[in-house]
Amino acid sequence: MTIFTINELRKTFTTGEVAEEILKGIDLTLQQGEITALVGASGSGKSTLLTIAAGLQPASDGKILFNGRNMTSMNQEQIRKIRASDFGFVFQSAHLVPFLTVEEQLFLMLEVSETTLNKVQQKKEIADILKLIGMEHRKSAYPASLSGGERQRVAIARAIIHKPQMLFADEPTASLDSKRSKDVMELIRDLTKTLNITTLMVTHDEEMLAYADHIITMKDGLAE
Amino acid sequence: MNIAWKEIKKSKVKFMILGSIVFLVSFLTFIISGLANGLSQDNAALIKDLPDGQFYMNEDAEETYNLSLIDPNTQKAALNEHDGAAALSIQMGFLNDEADKQRSVAFVTSTESELFENVQAGEIVLDRSLEEEGLKVGDILTNNQFSGEFTVKGFVDQQKYSHAPVAFINMENYKEMYRVNEMQLIFIPDGGETPVIDGLQSFTNSEFLNTIPSYSAEQLSLNMIVWFLVVISGLLFAIFFYMMNVQKIGLYGILKAIGVKTSALFKMMWTQMFFITAIALALSIALSQSFNFIAPDGMPFSLTAVTTVQLSIVFLLIGFVGATLSGIQIKKVEPLQAIQQGEV
């Protein structure tokens, strides 16, 4: 089932009098529960495409349809609500809140997504996901005391604790070694398949492409 | 979940430093405000403790009561027309006790009135501070401009003028001492509207206080220090929260990216500001009120609950404004910026 569609998406950055078109009319369709990888050389526009799709910056032209709703015609508050409840994000770095424990990071995300779960259900949900990522023994730890791999696992848990429909991952394994990269990608694949989450991921790492259902190569602002 | 409180708990030292600076500044402000109030009482309790009303002095006196001489007919008419009105004069001078020790006082005399001590000729009523210095009822005091003697009739609380204890004397004795028949001032307690008296200029209580040169200069300096400290504390809040916000730009960006409302981030900052300020103020109020009791005798210190509450509210407001101004960064921060910056 198609959940996310991009039509003729364009993005132009203007510096002074110079306008540079980074995305030159991208068309893309994502199916529910599938992982799509965006690959391409630096400057090809893949990160720009991901951040526009995720509602983190506006497009210059074109349409983005999420569940049939046109995101390009929404205001900031409507997009924020979608980001909070329907989208999940994993970045190159974990970007955890430094003064919250692992468990509190997940509580915060549930709160932000305005979950309908009560406190007991929230606690159970968090316990379940911590078990899934193998971090239940570290639930009271602060980010500073976690290893890079552990932090990224917590970041993934935070991205999906509220059961979003879409997961946007911008080089989620870039800061990890090869072994941890594989662990993290397996985790993303297993969780998104279990929870039927649609994933759009940017990666440079060719080994990670094995985990994707579809691969889209970007070149000079166009999807090939 | 209260993330503001979680951050305070995790970064105690950072918030304690800010809190201790707010505490020091507010404590200093309370102490200086107490001194300003104390000096103001010491300088003009005689006037400050009067009910609201109007003072009148001669128009030719150029707002200097010492130069004012009110025509006796004008005085008589004014006192007859207005209930509770009194004519009075104030002159600085000296009293010598039986051991010939000289003491500086402010001689005050008035027509019969409930607002001022009325004494018989040859009697004198003094401010209680002179009792603490050893004078007692029945003591004989003299003045080199007065042919007779003054017998101490009693003492009254908090009657000071120009940092000197007030000595209430009879009008006839005053006229002899200062070789005048006219009074300097007329005071009419507030009867609603301000009566106009031909040839006389009217002043409210506070306007009259400001015509006393030492009073206005002293209060202006002290109040300026108090308000500078209040402004400094506002700037401190702005600077501290600005620095904290700069450190947290990345964090704010990520929180915005995952869907946290900008208003929630402002609430987080305001909660922290109110928490720190409330604790710092509670401590400085406790200490400054204790100082109220332990201040050395003779030190003009008076910090009332009203002044303390007013200043505390000003501190909270200025802290709020300072923190909010620095928080404009939060509104500006873009999630993308934070993501591109790397780890927070």
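Criteria and cut-off values
Residues numbered from 1 in each chain as written. Chains lettered and ligands numbered in written order. Predicted model: local features only at pLDDT ≥ 70, side-chain atom pairs only at ≥ 80, totals over all residues. Heavy atoms only, no water. Helix = DSSP H or I, 4+ residues; strand = E, 2+ residues; numbered from the N terminus. Rg over C-alpha atoms; globule rule 2.2 N^0.38 Å. Buried < 20%, exposed > 50% of the residue type's maximum accessible area, 1.4 Å probe, protein only. Contact = heavy atoms within 4.5 Å. Areas by Shrake-Rupley, 256 points an atom, 1.4 Å probe, with all protein chains shown as cover. Lys, Arg positive; Asp, Glu negative; His and termini not counted. Charge placed at Lys NZ, Arg CZ, Asp CG, Glu CD. Salt bridge = Lys/Arg side-chain N within 4 Å of Asp/Glu carboxyl O. Phe/Tyr/Trp six-rings, centres within 6.5 Å; stacked < 30°, edge-to-face > 60°. Pairing = 2+ DSSP bridges. Axes fitted to C-alpha atoms, helices over the stretch in contact; angles between N-to-C directions. Domains from an automatic or database assignment. Buried area = accessible area lost by both parts, 1.4 Å probe.

## Some thoughts on the overall build of chain A
Next, step 1: From N to C terminus, chain A includes 6 helices and 10 strands.
Next, step 2: What you see for chain A is a C-alpha radius of gyration of 17 Å, in line with the 17 Å of a compact globule of 224 residues.
Next, step 3: Summarising its shape, the C-alpha atoms of chain A cover approximately 50 × 40 × 40 Å along the three principal directions.
Next, step 4: Considering chain A as a whole, with its 224 residues, one finds that 53% of them fall into the buried category.
Next, step 5: In chain A, 73% of the contacts between residues at least 6 apart in sequence involve partners at least 24 apart.
Next, step 6: Summed over its atoms, the accessible surface of chain A is roughly 9,800 Å², and 48% of this surface lies on carbon and sulfur atoms.
Next, step 7: If the 25 positive side-chain charges of chain A are averaged to one point and the 29 negative ones to another, these points end up 6 Å apart.

## What to know about the pattern of salt bridges
All names here are of chain B.
Next, step 1: Applying the stated criterion to the full structure yields 21 salt bridges over all chains.
Next, step 2: Close ionic contact of lysine 248 with glutamate 7 constitutes a salt bridge, the shortest N to O distance being 2.7 Å. Of this pair, lysine 248 sits in the loop between α7 (213-247) and α8 (249-257) while glutamate 7 sits in helix α1 (residues 3-10), and the two are 241 residues apart along the sequence.
Next, step 3: Overall, glutamate 7 belongs to the buried group, its relative accessible area being 2%.
Next, step 4: Notably, a salt bridge pairs lysine 160 with aspartate 42, separated by 2.9 Å at the nearest N-O pair. Separated by 118 residues along the polypeptide, lysine 160 in strand β7 (residues 160-161) and aspartate 42 in helix α2 (residues 12-48) bring together distant segments of the chain.

## Re the environment of B:Asn2
Next, step 1: Structurally, B:Asn2 is set in the segment before α1.
Next, step 2: For the pair formed by B:Asn2 and B:Phe208, sequence separation is 206 residues and the distance between their alpha carbons is 53 Å.

## Here we look at the side chain of B:Lys248
Next, step 1: A residue is classified by how much of its surface remains accessible, and B:Lys248, at 7% relative accessible area, is buried.
Next, step 2: With residues near it in sequence (within four places) discarded, B:Lys248 still touches B:Glu7, B:Met268 and B:Gln272.

## Description of the packing of aromatic side chains
Next, step 1: For the structure on display, the rule yields 22 aromatic pairs over all chains.
Next, step 2: Ring centres of A:Phe4 and A:Phe66 lie 6.2 Å apart, and the angle between their planes is 55°; on these two criteria the pair is classed as tilted. Of this pair, A:Phe4 sits in strand β1 (residues 2-15) while A:Phe66 sits in strand β4 (residues 61-66); the two residues are 62 residues apart in sequence, bridging distant segments of the chain. Neither residue differs from the other here; A:Phe4 and A:Phe66 are each classed as buried.
Next, step 3: With centroids separated by 5.2 Å and ring planes inclined at 35°, the aromatic side chains of B:Trp270 and B:Phe320 adopt a geometry described as tilted. Here B:Trp270 is found in helix α9 (residues 262-294), whereas its partner B:Phe320 is found in helix α10 (residues 305-326), with 50 residues between them in sequence.

## Description of the sheet that holds β4(A)
All names here are of chain A.
Next, step 1: What the 4 strands build is an open sheet, ordered β2-β1-β4-β5; its pairing is antiparallel. Whereas interior strands pair on both sides, the edge strands pair on one side only; in this sheet they are β2 (18-31) and β5 (69-70).
Next, step 2: Two elements, β1 and β2, share 11 bridges in a ladder whose sense is antiparallel. Bridge pairing in β2 places threonine 2 opposite glutamine 31.
Next, step 3: Packing of helix α1 (residues 46-53) onto the sheet brings it into contact with β1, β2 and β4, and relative to β1 it is tilted by some 120°.

## Let's talk about the domain arrangement of chain B
By a widespread convention, an interface's size corresponds to the accessible area lost as its parts come together.
All names here are of chain B.
Next, step 1: Considered domain by domain, chain B is made up of domain 1 (3-43 + 216-341) and domain 2 (53-189).
Next, step 2: Computed over C-alpha atoms, the centres of domain 1 and domain 2 are 47 Å apart.
Next, step 3: Contacts between domain 1 and domain 2 engage 5 residues on the former and 6 residues on the latter.
Next, step 4: Overall, the association of domain 1 and domain 2 removes approximately 460 Å² of surface from exposure, summing both partners, and the carbon and sulfur fraction of that is 29%.

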